[in-house]
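Descriptive analysis of the structure
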Amino acid sequence: MRKVIAFVQKHKRKCIVLLLVPFSFAVFVKIFLPDPLFNTPVCLVVEDRNEQLLGATIAGDGQWRFPYNPVIPEKFRQASICFEDKRFYSHFGVDPIAVGRALMQNFRSNKRVSGGSTITMQLVRLARNKPRNIIQKSIEMVLAVYVDLVYSKDEILALYAWQAPFGGNVVGLEAASWRYFGRKPGQLSWGETAALAVLPNSPALIHPGRNRKWLQSKRDFLLDKLRDNGTIDSLTCLISKLEPLPEKPLSLPQLAPQLTDRIFFDQVDPKKPGLAKFVTTIDAGLQQQVNEMLKRHSAAWIANGIHNAAAVVIDVETGKALVYAGNISDDKKAHHNEVDVIVAPRSPGSTLKPLLFSAMLTDGLILPTTLIPDIPTQIAGYAPKNFNLDYDGAVAARKALSRSLNVPAIRMLRTYGVERFHLLLQRMGMTTINQPASHYGLSLILGGGEISLWELSGIYASMARMLNNYHGNSGRYDKNDWFMPRYLPINEPIKKEHDIFKLDETFFLNAGAIWSTFEAMEEVMRPGEEAIWKDLNITQKIAWKTGTSYGFRDGWAIGCTPKYVVGVWVGNADGEGRPGLTGIATAAPVMFEIFAQLPESKWFDMPYDDLEKVAVCSESGFRALDICEQKDSVWIPRSGMKSPPCPYHQLIHLDATGKYRVHSECESTINMVHKSWFVLPPAMEWYYKTKNQHYKVLPDFRADCIQNGSADADMEIIYPKQKTTIYVPIEIDGTPGKTIFEVAHRNPSTIIYWHLDDQYLGSTKNFHQMALYPAAGKHLLYLIDEHGGRLEQYFELIRKE
């Protein structure tokens, strides 16, 4: 230690110099070299699951500069080193031989003809962005030595390829490759790579229509050098020289512009501008096919003033979005084609009906076969109607779903409860149902709320996923199987065997109900002529549903198989309605065409652990009673065992002829024939018998058995209902409007006498309707049939003065 101290004291000045040199060098680097080297904005780049470019947005400084990529294609590596810096891997950032050669050439020519810059020196110049002169050149040489010490050769080359100018506002190899050749750098030929390798040296050469021969000369010169050093053979060199040079820059792919915008707003953090490359779950090939489908179909829709459409395809198992077509591509953007309709809240029409059907099955309120009333209905002033303005009287719940009947759906929702259904939709993941249940009322089931195509598709995918995994979960439910779709991959843990004790025995939708719902949805008739669908070669079973919003503003189609969910929306982004804009006519054909491009899969497995095979009444669809003569054995959700038994079969007493009803006051019980009879309430019967020829009307009482009294069993007022408030507007010509009153009788030929308050109005036979003009206020409608049956009903009428 003493010797060291003595040496330092003896050579104090030399030691100080040795300490100052690295310190001064560090200060020099700190002053003249940016840290980090580059802090420039970059493009937002969106790629598909195979890293195929879907779209990009220009950087904040107006340059096409893709995010940094540490991987350099081998062709560009060799071409750029051969053209710019052939001793790149052997020098220390500065090439003395190249500098000496440049000085000699410049001295002899008495002007600057060569710079002698290495790739490392060019990288420093790009980082500093200073004017080019001898002083700056000297500084760059010193800094290049530092950069060569700190960074590896591959890192230096990658940074150079990222920031090198390629003409105009194109910066970096990746941006140049896409802008000039429409491909990734690794997919370029030798001729294309050579053309790009010479550009950073003179980026103005690429300007369209200018210096084309000079660019070609430099490219061919580089190709000759690559041939001479053995990188390429003579034939490759010759063929590469024949390749055309790039013309004006190409437009970047825009396969999913709405997804690109969504990622920009959802995922890009302004505080972290470097995070700008996203690999998505999208399948670029399928995305392109769907884009073309939408554009082809839109050619027919435009004639009807329909300008927008969207489609998504979801992988059921993973929830990954394979297609995200947010709108029809249109460069003019004259009809809001830039709007992402996939996440836009829109009226869903009838697409929520399967969810209500499944919920009621889960709670055991109905069976798939249960008859639901389908008659004129008015509830608190709300009078829903079926799309075809017709009524069936009564229809099986699954048929009501497959035919998308509105009146049965309203009656089902009234039974289930608007508040319960409202809460269920929120639990399912519908964030746009954000008003109180009273805000929507019963119209919620017919599109009275707003949902997005994204969340609707996610719900149906979750239903399919829960059903698919039910058997593997040993008849239990994993709540983690219910989630919204995603467009970005996540780190998915390796699936392990489920601990069945951590799974749930119940869920807000059970497997039997979901399976029964999909079975009902599969029965929907496909739109158009049968031959059209044969051309699509679709043989697999698909559970699907369409929807049409009020005013023909939205057309929906949602389809589901065990592997995929396809959702399609058609309409106008500004909400304009168009005649004929229905889900069945517009969205459904696109949906089936998309399914035709997807791999087929087998149908859903029956969840036997959540199903029971029971006898149901063939006529009512309820659980059969002993008096139900005809029964069917069907699979129902296990929860359906608590559903009510058949309410429509009753024992009636006939005389010996079997033609007339009798009772104990007019016929001896010994002579009575007791028979089970399927009897619907009068209003349901009135419409049901016109659609079901097998229905047998309840026989009349024998003449000596007719009793005066209540007509509740044989006569029913269809409109108005009890204690209804009727609003009657003034007609266009100024006259008071009229109200049509309607009554159903088991025997239509029976004469009914009409009275309003204390005034006789007249009688009807066969068709029991009467137009009335009562004054404003409360009234009593009083009806008597020819057999003395009586029926009365109060109502209130309001007129607009």
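Residues numbered from 1 in each chain as written. Predicted model: local features only at pLDDT ≥ 70, side-chain atom pairs only at ≥ 80, totals over all residues. Heavy atoms only, no water.

**Structural notes on the state of the cysteines**
Here a disulfide denotes a covalent bond joining the sulfur atom of one cysteine to the sulfur atom of another. Put simply, the test is: For this text, the term disulfide refers to a pair of cysteine sulfurs within 2.5 Å. Numbering of helices and strands starts at the N terminus; helices are DSSP runs of H or I of at least 4 residues and strands are runs of E of at least 2. Only protein chains enter the area calculation, which uses a 1.4 Å probe; residues under 20% of their type maximum are buried, those over 50% are exposed, and those in between are partly exposed.
According to the stated counting rule, one finds one disulfide in the structure shown. One disulfide bridge connects C666 with C705, the sulfur atoms lying 1.7 Å from each other. For the disulfide bridge between C666 and C705, the dihedral angle about the S-S bond is near 105°, and by the sign convention the bridge is right-handed. Of this pair, C666 sits in the loop between β15 (649-654) and β16 (673-678) while C705 sits in the loop between α23 (682-691) and β17 (709-710), and the two are 39 residues apart along the sequence. Like C666, the residue C705 is buried in the burial classification. Unpaired in terms of disulfides, C646 finds its nearest cysteine sulfur in C628, a separation of 3.9 Å. C646 sits in the buried class, given a relative accessible area of 4%.

**Some remarks on the sheet that holds strand β12 (residues 564-571)**
Heads up, the rule is: Should DSSP find at least two bridges between two strands, the strands are taken to pair. With axes taken as lines fitted to C-alpha atoms, and helix axes fitted only over the stretch in contact, angles between N-to-C directions fall between 0 and 180 degrees. Two residues qualify as a contact provided that any one of their heavy atoms is within 4.5 Å of a heavy atom in the partner residue.
Spatial strand order, β7-β6-β12-β11-β10: five strands in an open sheet with antiparallel pairing. Looking at the sheet topology across the chains shown, the edges are occupied by β7 (321-325) and β10 (543-548). Adjacent strand axes in the sheet meet at a mean angle of 10° when their direction is disregarded. Bridging between strand β6 (residues 308-315) and β12 involves eight bridges; their strand directions are antiparallel. Opposite D315, over in β12, you have Y564 as the bridge partner. Sheet contacts for helix α19 (residues 453-470): β6, β7, β11 (554-560) and β12; angle to β6, the most-contacted strand, approximately 25°.

**Brief notes about the nonpolar core**
To keep it simple, the criterion reads: Put simply, buried Ala, Val, Leu, Ile, Met, Phe, Trp, Tyr and Cys residues joined by side-chain atoms within 4.5 Å make one nonpolar core.
Within the largest apolar cluster, 83 residues are counted, with the highest numbers of intra-cluster contacts made by L355, F421 and F518. Not counting chain neighbours up to four residues away, the residues in contact with F518 comprise Y460, M463, A464, L467, A543, C560, W603 and F604. Counting 62 residues, the second-largest nonpolar core is a separate cluster that includes L33, C43, A195 and L226.

**Brief notes about a nonpolar patch on the surface**
Condition: Candidates for patches are residues over 30% relative accessible area with no salt bridge; among them, like charges are joined within 9 Å and nonpolar side chains (Val, Leu, Ile, Met, Phe, Trp, Tyr) within 5 Å. With residues, only the protein chains shown are counted as cover, and all accessible areas are computed by Shrake-Rupley using a 1.4 Å probe. Whenever Lys or Arg places a side-chain nitrogen within 4 Å of a carboxyl oxygen from Asp or Glu, that contact is recorded as a salt bridge.
On the surface, L235, L238 and I239 cluster together into a nonpolar patch covering about 310 Å² of accessible area. Within the secondary structure, L235 sits in helix α11 (residues 234-241).

**Quick word on the packing of aromatic side chains**
We count it as follows: Here the aromatic set is Phe, Tyr and Trp, taking the six-membered ring for Trp, and pairing holds for ring centres within 6.5 Å; pairs whose planes are under 30 degrees apart are stacked, those over 60 apart are edge-to-face, and all others are tilted. Over a ring means this: the NZ of a Lys or the CZ of an Arg is within 6 Å of the ring centre and within 35 degrees of the ring normal.
Under the criterion given, the structure shown has 24 aromatic pairs. Between F678 and Y695, the ring centres sit 5.8 Å apart and the planes meet at 80°, which makes this aromatic pair edge-to-face. Pair noted here: F678 is in strand β16 and Y695 is in the loop between α23 and β17, with a separation of 17 residues, a long-range link. The exposure classification of F678 matches that of Y695, with both residues buried. Between the aromatic rings of Y688 and Y695, the centroid separation amounts to 5.5 Å while the plane-to-plane angle is 85°, which identifies the pairing as edge-to-face. This pair shows no difference in class: Y688 is buried, exactly as Y695 is. Feature note: the residues Y470, Y477, W482, F507 and F508 constitute an aromatic cluster, connected by ring pairs. It is R420 that lies over the ring of Y416; its NZ or CZ is 4.1 Å from the centre.

**Observations concerning helix α12 (residues 257-267)**
Among all positions in α12, only Q258, L259, T260, R262 and I263 are buried. On its buried face, α12 is in contact with β1 (44-47), β2 (53-57), β5 (277-279), β7 and α19.

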